Amino acid sequence: MYDEKDLLRDGVIPSSLDDIPDKEEQLWSRDSDFTKGLPVEDYTYPFRAFTVNHAFLMHFDVNQTGQFSQFDSQFTLIFHAPDEVPLYYRHAIYTTIKAEKFSFIELTPHLVVSEGIEKYEPNVRKCYYTHERHLKYYKIYTQNHCESECLVDYTLAQCGCVPYFMQHFNDTKICGTDLDCYWTALHKLFLPEFKDDGTHALIDDCNCLPTCTHLSYTVQVTELVRNPDDGGSVLQIRNKLPFFTKNVRTELHSLSEFFSNCGGSLGLFLGVSIFSIIELIYFCTVRLYLHSKRSDRQKSYEKTSE
């Protein structure tokens, strides 16, 4: 994924102090994909897997590392796009892994791209490009980022503070250990109200539309049997298939398709061709005008004869 400093606005307190050492130039974006013409052997940021053999492998012992408690029996993995902060909200894809197991995880990406709809307003095409909407805490727009920011602002308005794990600035008041107000705000923001014209939740007022280029994953977890004497946990993550299918979002009917369909329908049901339309225009304009002029000349001739 991106370095957290590449995702958060200046002044926002990061959730981690880790920094990617010697990171190279950012060569991928959600809307434009990877930079064209990259050699396979070059390192890309974020990491790019070219084959199913490129996997992420991690081995750890909950009794020896300080990052996990020795009393924990499981932990949660969140799968997200590289340009998105891992957020545990309603659009998150996550799974729970048991400790002291060999967990083999296979990912199937689901990609939706948009073509030829840039000219439409976001509320018409029902999506945002990542650069179209400015967020206060994040540099890149995604639906998860937008809803997270909406939750932070709503929690701050309702409670006067935010929990330490939410995005915030240095001068934002942090709530104590009592998180009842936060859970109440979370419940009110996302709880839908059932009305005659449909359902509505307060989060809908934030207008957090999906991104026009949407990337998500399907996760398949397989737990392999290990020797009890081995100890520790092993986690391996890789793509399930070497290729995946992308879905393309386009306009349903363009202007040219509209006229083409109209012409085809008229020709099919009425026997109308382009020459028939020209004849109709001719008889309604030029022929009518010439007939009117001829009638006027005939009347003038009759009066002269009398």
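Structure first, text after, so check above.
In this text the structure is predicted, and so the values were computed from the model without any measurement.

A. Spotlight on the nonpolar core. Grouped together as the largest cluster of nonpolar side chains are 33 residues, with contacts concentrated most on Y138, Y141, L151, M166, L189 and I203. If you list the elements that add at least two residues to this core, you get α2 (143–159) and α3 (180–190). Residues in contact with M166, not counting those within four places in the same chain, are Y89, L151, V152, T155 and Y182. With 14 residues, the next largest nonpolar core counts F60, F75, L111 and L235 among its residues.

B. Structural context of the state of the cysteines. The final tally for this structure, using the stated rule, is 5 disulfides. C146 shares a disulfide with C208; S-S distance 2.1 Å. Handedness here is read from the sign of the S-S torsion; for C146 and C208, about -70°, the answer is left-handed. Separated by 62 residues along the polypeptide, C146 in helix α2 and C208 in the loop between β8 (198–200) and β9 (214–224) bring together distant segments of the chain. Each member of the pair, C146 as well as C208, carries the same accessibility label: buried. What pairs with C159 in a disulfide is C181, and their sulfur atoms sit 2.0 Å apart. The S-S bond linking C159 to C181 shows a torsion near -100°; that makes this disulfide left-handed. Placement of C159 in helix α2 and of C181 in helix α3 is noted, with a sequence separation of 22 residues between them. The exposure class of C181 is partly exposed, given its relative accessible area of 36%. What links to what in the protein chain: the bonded cysteines, counted in sequence order, pair as 1-10, 2-9, 3-8, 4-7, 5-6.

C. Expanded view of the pairing of strand β6 (residues 102–114). In terms of burial, β6 is largely enclosed, as 11 of its 13 residues are buried. With 11 bridges connecting them, β6 and β9 associate as antiparallel partners. The partner of L111 across the bridge, within β9, is L215. Of the strand pairs in this sheet, β6 and strand β11 (residues 246–249) are connected by 4 bridges, and their pairing is parallel. By the bridge assignment for β11, V112 is matched with N247.

The rules behind each value
Residues numbered from 1 in each chain as written. Predicted model: local features only at pLDDT ≥ 70, side-chain atom pairs only at ≥ 80, totals over all residues. Heavy atoms only, no water. Core = buried A, V, L, I, M, F, W, Y, C linked by side-chain atoms within 4.5 Å. Buried < 20%, exposed > 50% of the residue type's maximum accessible area, 1.4 Å probe, protein only. Helix = DSSP H or I, 4+ residues; strand = E, 2+ residues; numbered from the N terminus. Contact = heavy atoms within 4.5 Å. Disulfide = S-S within 2.5 Å. Pairing = 2+ DSSP bridges.

Any link to function would need more than the numbers given here.
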